[in-house]
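# Examination of the molecular architecture
In case you want the letters, here they are:
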Amino acid sequence: MASVALDRLSEICLALPEAEHEDSPPHATFRVRGRTFAYFLVDHRGNEGIVGMACKAPPGAAEPLIESHPDRFYRPAYLWHRGWIGFRLDTDTVDWEEVADLAIESYALVAPKRLAARLGD
């Protein structure tokens, strides 16, 4: 399941302008010009076996999502206090369009403005 989720997430993230993928098995990092916009995490630091994606969320967005949808969202260790959110990729009902929306939003938050502007193309 984890390899399928990583493949799908990679397809989404690497479609973004100048996005790069770095493997650190079992995890992976997605960056744009050296700035991380998403992580693929497997059982990361106390997250109880969760396979998920961690990404930057707009200010104030993470906590309401986690509180209203704890079956899909979680606090990724070491990252949540910096405005990052975790999204579970290990459920039977992963909405890959939602994953893409979250990854694109995170990319737009960390990418240089000129690259982020290309998302509308």
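This text goes with the structure placed above it.
The text that follows walks through the structure, step by step, so that each part is easy to find. (Residues numbered from 1 in each chain as written. Predicted model: local features only at pLDDT ≥ 70, side-chain atom pairs only at ≥ 80, totals over all residues. Heavy atoms only, no water.)

### Concerning the pattern of salt bridges
Using the following cut-off: In the sections that follow, a salt bridge refers to a side-chain nitrogen of Lys or Arg positioned within 4 Å of a carboxyl oxygen of Asp or Glu. The numbering of helices and of strands both runs from the N terminus, where a helix is a DSSP run of H or I of at least 4 residues and a strand a run of E of at least 2. Relative accessibility thresholds used throughout: buried, under 20% of the residue-type maximum; exposed, over 50%; partly exposed, between the two (1.4 Å probe, protein chains only).
Using the criterion set out here, one finds 5 salt bridges in the structure. Ionic pairing is found between Arg33 and Glu18, a salt bridge with its closest N-O pair at 2.8 Å. Pair noted here: Arg33 is in the loop between strand S2 (27-32) and strand S3 (35-42) and Glu18 is in the loop between helix H1 (2-14) and strand S1 (19-24), with a separation of 15 residues, a long-range link. As a salt-bridge pair, Arg75 and Glu63 come within 2.7 Å of each other at their nearest N and O atoms. On the criterion of sequence distance, the pair formed by Arg75 in the loop between strand S5 (73-74) and strand S6 (84-88) and Glu63 in helix H2 (residues 62-68) is long-range, its members being 12 residues apart. The class for Glu63 is partly exposed, based on a relative accessible area of 26%.

### What about the nonpolar core?
Let me state the cut-off plainly: Here the nonpolar core consists of buried residues drawn from Ala, Val, Leu, Ile, Met, Phe, Trp, Tyr and Cys, with membership extended through side-chain atoms lying within 4.5 Å.
Phe30, Phe37, Phe40, Met53, Leu89 and Val99 are the most contacted members of the largest nonpolar core, which has 35 residues in total. Listed by contribution, the elements that provide at least two residues to this core are H1, S2, S3, strand S4 (51-56), H2, S6, helix H3 (96-110) and helix H4 (113-117). In terms of residues, this core owes the most to one element, H3, which gives 7 residues. With 6 residues, the next largest nonpolar core counts Leu41, Ala54, Tyr74 and Leu79 among its residues.

### Notes on the environment of Leu16
This is how the line gets drawn: Note on contacts: a residue pair is in contact if any heavy atoms of the two residues lie within 4.5 Å.
Inspection of the secondary structure assignment puts Leu16 in the loop between H1 and S1. Between the C-alpha atom of Leu16 and that of Val32, which follows or precedes it by 16 residues, the distance is 8.7 Å. If we ignore the near neighbours within four places in the chain, the residues touching Leu16 are Phe37, Ala103, Ile104, Tyr107 and Leu119.

### Structural notes on unusual backbone geometry
Put simply, Pro25 and Pro26 share a cis peptide bond, and its omega is 5°. If you trace the backbone, Pro26 turns up in the loop between S1 and S2. In the Ramachandran plot, Tyr78 falls in the positive-phi region, its phi being about 70° despite a non-glycine side chain. Take Tyr78: it is sitting in the loop between S5 and S6. By relative accessible area, Tyr78 is classed as exposed at 53%.

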